[in-house]
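Chain by chain, the residues:
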Amino acid sequence: MRISVIGCGYLGAVHAAAMAELGHEVVGIDVDPVKLDALARGDAPFFEPGLPELLISARKTGRLTFSSDIAQARGAQVHFIAVGTPQKRGSYAADLTYVDAAVEQLLPQLSPNDVVVGKSTVPVGTAGRLAERVAEHGSGAVLAWNPEFLREGFAVKDSLTPDRLVFGLSPEPDAAARGEQALREVYATALADDTPLVVTDYATSELVKVSANAFLATKISFINAMAEIAEVTGADVTQLADAIGFDVRIGRRFLGAGVGFGGGCLPKDIRGFMARAEELGRGESVAFLKEIDAINMRRRDRVVQHVIDALDGEPYNKRVAVLGLAFKPHSDDVRDSPALDVAVRLKGLGVDVRVTDPEAIENARRIHPQLDYRETLDDALRDADAVVMVTEWDEYRYLDPAEVAGLVANRQVIDGRNSYDPAAWRAAGWTYRGLGRP
Ligand code: UDX
């Protein structure tokens, strides 16, 4: 199939390359020429494991091209909208400027048999509105919604072999049939492998995405709330998570208590969901998400407080090594990153923070040039009065406490991800502080 993908960010670039890998002929469209040049060379413009290999492999087949000219979308039969929907400034709502602009620019390029497919995470009701806009324009094209569930760090795998597919289709039978047929062809490989498929209406498909993210955020904040209780009772939240996680109805995944969730999706999606529910007169239905957000933000306060305690209440001018800047390992994304937020807050307290990360330094430096970035772990750790680990990259997670003890000035460690074995650190002479662990 000939496919266009509008928007080549974390989502679109991987989707475009994956579609080409699966045998389709794909053009990726974006407004950023630097990004496009990199992609065309087979250089991923951001860190995503497996993406460079995928780009090179797709490029060799000649099936993957990139352009800043929307006219290049002409001739494709399926057009994926994969642009960002960030949080609006000064509001919880999602900013749909890029989605609306992408659709408007695409309209003149559409042919009667085309299918426009929304992938971006949008407030429920958007697909219906955009379908009307597409119909009104009179090209004969139809619209379908196909939410994306990929996780950064596993985006290539999630795109090539998704764990489920959701097709949100038009209420008009003819448009629905055309949308479904096109999407079945696009995802023929995954469907042949028995990937679960839910064929539904626009609203359900839009809600599937935001409710999945709301559920995941709730699961994380639930265990973080238990960590708060553990902190005042002497209980151990990691053991608690293991014990409740053995119940298959609960499950252990996403019960990792720590500094909390961040990234380009979970925080803004729960806020956007609250804003949309409010507009729909159902604010109370998801009012609990405000609490989920608040619990999550309190965890950052807790980590900062742990650091202050480790410095005997006198953080000014003390040297603190912050290990991690990305919102999670295997990513260079620092959007709403708890790790970066902790570093910035410590800096605000007058701490001499030395921050490091295997992949995210460049992105962090762009937003917070005031931080002291160290390229190597040793450089960040040297002479530190306290060490705070906030992104569980393997190189931080598997640190040998005895080996690094010689580098620091004081053996104070704050485990922002509950990744360490407290006994091992204590045995090596460290004062260990975790989140919800004695
Ligand atoms: C998320 C959804 O998982 C994905 O399906 C959706 O398409 C986009 O949003 P992503 O943002 O890539 O994906 O990251 P995810 O792996 O979900 O982690 C989100 C945040 O939660 C990270 O900051 C992570 O560190 C944190 N987290 C995750 C925890 O704090 N504890 C956990 O147990 C799990």
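The shown structure was predicted, so the numbers you read here are calculated from the model rather than taken from an experiment. (Residues numbered from 1 in each chain as written. Predicted model: local features only at pLDDT ≥ 70, side-chain atom pairs only at ≥ 80, totals over all residues. Heavy atoms only, no water.)

J.: Explanation requested: the side chain of Asp332 in the structure shown.
T.: Looking at the element boundaries, Asp332 is found in the loop between β9 (319-323) and α13 (338-348). Notably, Asp332 is buried but unbridged: the nearest opposite-charge side chain belongs to Arg366, and the N-O separation is 7.5 Å. Here Tyr10 takes part through its side chain, which lies 2.8 Å from a polar atom of the side chain of Asp332. Within polar-contact distance, the side chain of Asp332 engages the backbone nitrogen of Phe47 at 2.9 Å. When neighbours within four sequence positions are excluded, Asp332 is seen to be in contact with Tyr10, Phe46, Phe47, Ala326, Glu359, Ala360 and Asn363. (Helix = DSSP H or I, 4+ residues; strand = E, 2+ residues; numbered from the N terminus. Buried < 20%, exposed > 50% of the residue type's maximum accessible area, 1.4 Å probe, protein only. Lys, Arg positive; Asp, Glu negative; His and termini not counted. Salt bridge = Lys/Arg side-chain N within 4 Å of Asp/Glu carboxyl O. Polar contact = N/O pair within 3.5 Å; in protein donor to acceptor, adjacent residues only side chain to side chain. Contact = heavy atoms within 4.5 Å.)

J.: Would you mind showing me how to read the side chain of Gln412 here?
T.: If you trace the backbone, Gln412 turns up in strand β13 (residues 412-415). There is a polar contact of 2.9 Å between the side chain of Gln412 and the side chain of Arg433. Those residues in contact with Gln412 that lie beyond four places of it in its chain are Ala310, Asp385, Ala386, Val387, Trp430, Thr431 and Arg433.

J.: What is the right way to look at the sheet that holds strand β14 (residues 431-433) in this model?
T.: The strand order across the open sheet formed by six strands is β11-β10-β9-β12-β13-β14, and the pairing between neighbours is parallel. The open sheet is flanked by β11 (372-373) and β14, the only strands paired with a single partner. Bridging between strand β10 (residues 352-356) and β11 involves two bridges; their strand directions are parallel. Directly across from Val355, in β11, lies its bridge partner Tyr373. Packed on one face of the sheet, helix α12 (residues 288-310) meets β9, β12 (386-389), β13 and β14 and runs near 170° to β13. (Pairing = 2+ DSSP bridges. Axes fitted to C-alpha atoms, helices over the stretch in contact; angles between N-to-C directions.)

J.: I tried to follow the domain arrangement of the chain on my own but got confused; where do I start?
T.: Accessible area lost upon the coming together of the parts serves often as the stated size of an interface. Taken domain by domain, the chain holds domain 1 (2-195) and domain 2 (234-438). A C-alpha centroid distance of 33 Å is found between domain 1 and domain 2. Of the residues lining the interface, 17 residues belong to domain 1; the matching set on domain 2 comes to 21 residues. A per-residue breakdown of the area domain 1 buries against domain 2 is headed by Phe47, Tyr92 and Glu152, which together make up 45% of the total. Counting the contacts that link domain 1 with domain 2 gives one salt bridge. Run the count over domain 1 and domain 2 and you get nine residue pairs in polar contact (both at pLDDT 80 or more). (Domains from an automatic or database assignment. Buried area = accessible area lost by both parts, 1.4 Å probe.)

J.: Sorry if this is basic, but what is going on with the site of the ligand here?
T.: Neighbouring the ligand are 20 residues; Phe149, Leu150, Glu152, Gly256 and Phe327 lie closest to it. The contact in question runs from an oxygen atom of the ligand to an N or O atom on the backbone of Phe149, over 2.8 Å. In the environment of the ligand, an oxygen atom lies 3.1 Å from a nitrogen or oxygen atom belonging to the backbone of Gly262. Considered on its own, the ligand offers 670 Å² of accessible surface; in the complex 90% of this is hidden by protein. Top element by residues in the shell around the ligand is helix α9 (residues 202-233). It accounts for four residues. (Near = heavy atom within 4 Å. Areas by Shrake-Rupley, 256 points an atom, 1.4 Å probe, with all protein chains shown as cover.)

J.: Can you help me understand the packing of helix α4 (residues 97-106) against helix α5 (residues 126-137) in this one?
T.: A pair of packed helices is captured by two measures, namely the crossing angle of their axes and the spacing between those axes. Between α4 and α5, whose axes approach to 11 Å, the crossing angle comes to 20°. When the interaxial angle is binned, α4 and α5 end up roughly parallel. The hand of the α4/α5 crossing is right-handed. Residues Val99, Asp100, Val103 and Glu104 of α4 pack against Arg129, Leu130, Arg133 and Val134 of α5. (Parallel < 35°, antiparallel > 145°, perpendicular 65-115°, else oblique. Left-handed = near helix turned anticlockwise from the far one by under 90°.)

J.: Sorry if this is basic, but what is going on with the pattern of salt bridges here?
T.: Any two side chains of opposite charge can pair, given that their charged atoms come close. Under the counting rule described, the total for this entry stands at 34 salt bridges. Here Lys119 and Glu148 are joined by a salt bridge, their closest N and O atoms 3.0 Å apart. Linking Lys119 in the loop between β5 (115-118) and α5 with Glu148 in the loop between β6 (142-145) and α6 (155-160), this pair joins segments that are 29 residues apart in sequence. Overlapping salt bridges, with partners in common, bring together Arg271, Asp293, Arg300, Asp301, Asp336, Asp341 and Arg345 in one network.

J.: Which parts of the structure should I look at to understand helix α3 (residues 51-61)?
T.: What α3 keeps buried is the set Leu51, Leu54, Leu55 and Ala58. Across the axial projection of α3, the buried residues extend over an arc of 100°, all falling on one side. Turned more than 90 degrees away from the buried face of α3, the exposed residues are Glu53 and Lys60. Where α3 is buried, its residues contact α1 (10-21), α2 (33-41), β3 (64-67) and α6. Just beyond α3, the residue with positive phi is Gly62, at close to 75°. (Arc of directions from axis to C-beta.)

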